[in-house]
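Fold and geometry: a report
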Amino acid sequence: MEIKIFDSNEQLDAFAADYLVNIVREKPNAVLGLATGSTPVGIYAKIVEQYKSGEVSFKDATTFNLDEYVGLQSDNDQSYAYYMNEHLFSHIDLPASRAHLPNGMGEQLEAECENYDRMLQAQPVDVQLLGLGHNGHIGFNEPDGSLSGGTHVVKLKQETLEANARFFASMDDVPKQAVTMGVGSILKANTILLVVRGADKADIVKQALTGPITTEVPASLLQTHARVVVLLDLEAGRKLEL
Ligand code: F6R
């Protein structure tokens, strides 16, 4: 595991964007695994800048997102599809047909999950970008006594529903389920780029990277992967003894 700590978020964003862009430059048909949330926003902005200045094209690339809510249309501004369009897809030349997100609107969610895993198996991810939840989750794989390997439907915990309520008109509108790649699918990526920022994640960074490997901290399973690059800001990395 390679751990890099950056003095500023600007430097972290630039490094992560260069990392992803270089993969696509070297292998134009690269497969990128992408994440949503606040962590990658600045990274996507830098990728868009590089695309606009002609440094990279995504016309032959493919992307797979980690997760999506169940029951939100892609034009709902809380859906991850909307987020991806807003921050990345609508600004670059990636063909829409190769920008994949789990389908949370499918009639048969189990079949949708199997289909997503089949696509991932046929087009293995070259590099998977990951953020980290305060409880150690990756994707929507929450701490539990056991974890799922493949893409699956998750019932969101009450604490997540309450945290999400602020983005919706009422509690009834908050999605109760999501579809997520499983930890097994995530670990199949050739390289994993884990990005974490902020003092509020310093404890979980330490646990995930140096604590026991346990399903109660899903990100700790990344310790079993041969090629993980961790990018931290000073605050997120301050509890690590390097
Ligand atoms: C997002 C995802 C989540 C986030 C994590 C951190 O697609 O899968 O695991 O990466 O919740 O979220 P932020 O970046 O908002 O702190």
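Use the structure listed above.
Structure report, in brief. (Residues numbered from 1 in each chain as written. Predicted model: local features only at pLDDT ≥ 70, side-chain atom pairs only at ≥ 80, totals over all residues. Heavy atoms only, no water.)

Another aspect to go through is the packing of aromatic side chains. Using the criterion set out here, one finds seven aromatic pairs in the structure. When the centroid spacing of 5.4 Å and the interplanar angle of 50° are considered together, the rings of Phe6 and Phe15 count as tilted. A relative accessible area of 11% places Phe6 in the buried class. Taken together, a centroid distance of 5.6 Å and an interplanar angle of 80° make the contact between Phe64 and Tyr116 edge-to-face. Of the two residues, Phe64 is situated in strand E3 (residues 62–65) and Tyr116 in helix H4 (residues 109–122); the sequence distance between them amounts to 52 residues. Taken as a pair, Phe64 and Tyr116 share a single burial class, namely buried. Counting every residue linked through ring pairs, the aromatic cluster contains Phe6, Phe15 and Tyr19. (Phe/Tyr/Trp six-rings, centres within 6.5 Å; stacked < 30°, edge-to-face > 60°. Buried < 20%, exposed > 50% of the residue type's maximum accessible area, 1.4 Å probe, protein only. Helix = DSSP H or I, 4+ residues; strand = E, 2+ residues; numbered from the N terminus.)

For the rest of this paragraph, the subject is the nonpolar core. The biggest cluster of nonpolar side chains holds 43 residues, and the ones touching the most others in it are Ile47, Phe58 and Leu88. Those elements that place two or more of their residues in this core are helix H1 (9–26), strand E2 (31–34), helix H2 (41–52), helix H3 (80–87), strand E6 (127–130), strand E9 (191–196) and strand E10 (228–233). Per-element tally for this core: the top contributor is H1, with seven residues. Leaving out residues up to four positions away in the same chain, Leu88 has contacts with Leu34, Tyr44, Ile47 and Val48. One finds Ile192, Ala208, Val228 and Leu232 within the second-largest nonpolar core, a separate group that totals 30 residues. (Core = buried A, V, L, I, M, F, W, Y, C linked by side-chain atoms within 4.5 Å. Contact = heavy atoms within 4.5 Å.)

Another point: the sheet that holds strand E1 (residues 2–6). The strand order across the open sheet built from seven strands is E1-E10-E9-E6-E2-E3-E5, with neighbouring strands paired in parallel fashion. The outermost strands of the open sheet, each flanked by one partner alone, are E1 and strand E5 (99–100). As judged from the four bridges shared by E2 and E3, these two strands associate in the parallel manner. By the bridge assignment, Leu32 is partnered in E3 with Thr63. Running at roughly 155° to E10, H1 makes contact with E1, E2, E6, E9 and E10 of the sheet. (Pairing = 2+ DSSP bridges. Axes fitted to C-alpha atoms, helices over the stretch in contact; angles between N-to-C directions.)

Another aspect to go through is the side chain of Asn141. The residue Asn141 is located in the loop between E6 and strand E7 (152–155) in this model. From its side chain, Asn141 meets the backbone oxygen of Ile138 in a polar contact 2.9 Å long. Only 2.9 Å separates the side chain of Asn141 from the backbone oxygen of Met181, close enough to count as a polar contact. The residues touching Asn141, leaving out its near neighbours within four places in the chain, are Ser148, His152, Thr180, Met181, Gly182, Val183, Ile186 and Pro218. (Polar contact = N/O pair within 3.5 Å; in protein donor to acceptor, adjacent residues only side chain to side chain.)

This next bit is on H3. Within the sequence span of H3, burial applies to Tyr80, Ala81, Tyr83 and Met84. The arc that holds every buried residue of H3, seen down its axis, measures 160°, which confines them to one face. (Arc of directions from axis to C-beta.)

Take the site of the ligand next. For the ligand, the set of nearby residues contains 13 residues, the closest of which are Thr36, Thr39, Asp67, His137 and Lys201. A distance of 2.7 Å is found between an oxygen atom of the ligand and a side-chain nitrogen or oxygen belonging to Asp67. Look at the ligand: alone it shows 410 Å² of surface, and the protein chains cover 84% of it. The pocket occupied by the ligand, as judged from atoms lying within 2 Å of grid points, is the largest pocket. Class assignment for the residues of the shell around the ligand results in three nonpolar, eight polar and two charged. (Near = heavy atom within 4 Å. Areas by Shrake-Rupley, 256 points an atom, 1.4 Å probe, with all protein chains shown as cover. 1 Å grid on protein atoms, 1.4 Å probe; cavity = no way out; pocket = protein on both sides within 12 Å on 5 of 7 lines; lining within 4 Å. Sits in = over half its atoms within 2 Å of the grid points. Nonpolar A, V, L, I, M, F, W, Y, C, P; charged D, E, K, R; others polar.)

Note that Gly71 resides in the loop between strand E4 (67–69) and H3. Judged by relative accessible area, Gly71 falls into the partly exposed class, the value being 46%. Spatially, the C-alpha atoms of Gly71 and Leu194 are 28 Å apart, while their sequence positions differ by 123 residues.

Here we come to the layout of surface pockets. To find leftover empty space, one rolls a probe the size of a water molecule over the atoms. Space inside the largest pocket adds up to approximately 1,100 Å³. Around the largest pocket, the lining is made up of 36 residues, and of these Gly37, Ser38, Tyr80, His137 and Asn164 lie nearest the centre. Secondary-structure elements contributing two or more residues to the lining of the largest pocket are E4, H3 and helix H5 (158–164). Per-element tally for the lining of the largest pocket: the top contributor is H3, with five residues. Of the residues in the lining of the largest pocket, the class split is 12 nonpolar, 15 polar and nine charged. (Points joined across faces, edges and corners; volume = space filled by probe spheres on them.)

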